[in-house]
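The primary structure of each chain is shown beneath.
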Amino acid sequence: MNLPIIAYGNRILKQKCIQINKNSPEIQDLITNMWETMENSNGCGLSSSQINKPLQLFIVDSQITFENLDTESQLVYFEKNDKRIKETFINARIIDTSEETWEDYEGCLSIPGLSQKVERPWKITVEYFNQDFIKQTKTFTGLTARIIQHEYDHTQGVLYIDRLKSLTRKMIESKLKKIVNGNIKTGYPMKFL
């Protein structure tokens, strides 16, 4: 089921999400709906809070991003042996980050039409449960790590714009107000205040 994306301004996007119980019966259906919603929105990541479910759950597809880049860009954003992923993250925790950071543009399905540079660690280690509720501990780099960090932030009630310098934030304030008021068109269904 293709669900509407919650737009910037909704309180749920600022909430810290709750952990998921292994025996929650609706989780598998929710994950299926999230994949369909993300793919129909041309996204590379989606948090359950963005579809009005404040749970520690997000999905990441860095494989599609890799395939859409030219060879030169692939070498910039992905390490040579990078395992590009199409993965579900349940109750994720980032347990280690590299000192090496990099800055690049990020956008968000909940904040359409905007993208800004955000600094993040190049490499992270994440502990999480996959869709089958099997515990994982994996290290990710480059763009895959960036997408994971962006979606993990959603589970903590943090948006990428919260990481911007105050002057940059002021410069996009009028665009954010348009989103809050629903004065924006997207190619996917959204739910505004």
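### Quick word on the overall build of the chain
From N to C terminus, the chain includes six helices and nine strands. Whereas a compact globule of 193 residues would reach a radius of gyration of roughly 16 Å, the chain reaches 16 Å, a difference of no more than 12%. Relative to its full complement of 193 residues, the chain shows a buried share of 50%. Put simply, of all contacts in the chain between residues at least 6 apart along the chain, 70% involve residues at least 24 apart.

### Here's the deal with the pattern of salt bridges
If charged atoms from side chains of opposite charge come close, those side chains can pair. One pass over the structure, following the stated rule, counts 10 salt bridges. As a salt-bridge pair, lysine 14 and aspartate 162 come within 2.5 Å of each other at their nearest N and O atoms. One end of the pair, lysine 14, is in the loop between strand E1 (5-6) and helix H1 (27-40); the other, aspartate 162, is in the loop between helix H4 (142-155) and helix H5 (166-171), with 148 residues separating them in the sequence. Classification of aspartate 162 as partly exposed rests on a relative accessible area of 32%. For the salt bridge of arginine 169 with aspartate 162, the shortest nitrogen-to-oxygen distance reads 3.5 Å. What makes arginine 169 partly exposed here is its relative accessible area of 22%.

### A few points about the environment of leucine 75
Residue placement: leucine 75 occurs in helix H3 (residues 71-77). Residue leucine 75 is classed as exposed on the basis of its relative accessible area, which comes to 66%. For the pair formed by leucine 75 and glycine 142, sequence separation is 67 residues and the distance between their alpha carbons is 10.0 Å.

### Looking at the environment of asparagine 23
Position of asparagine 23 relative to the elements: it lies in the loop between E1 and H1. Sequence separation between asparagine 23 and threonine 168 is 145 residues, and the spatial gap between their C-alpha atoms is 43 Å.

Rules of the game
For every chain, the first residue of the written sequence is number 1, and numbering continues from 1 along that sequence. The predicted origin of the model limits local features to residues at a pLDDT of at least 70 and limits the giving and counting of side-chain atom pairs to 80 or more, whereas totals for whole chains, interfaces and linings rest on all residues. For side-chain calculations, the full set of non-hydrogen atoms in the structure is used, while hydrogens and water are omitted. By definition, any uninterrupted DSSP run of H or I lasting at least four residues is a helix, any uninterrupted run of E lasting at least two residues is a strand, and each is numbered from the N terminus. As defined in this context, the radius of gyration uses C-alpha atoms, and a globule is described by 2.2 Å times the residue total to the power 0.38. Throughout this description, buried means an accessible area under 20% of the type-specific maximum (1.4 Å probe, protein chains only), exposed means over 50%, and partly exposed covers the range between. Contacts between residues were defined by any pair of non-hydrogen atoms, one from each residue, lying within 4.5 Å. The rule for a salt bridge is simple: a side-chain nitrogen of Lys or Arg has to be within 4 Å of a carboxyl oxygen of Asp or Glu.

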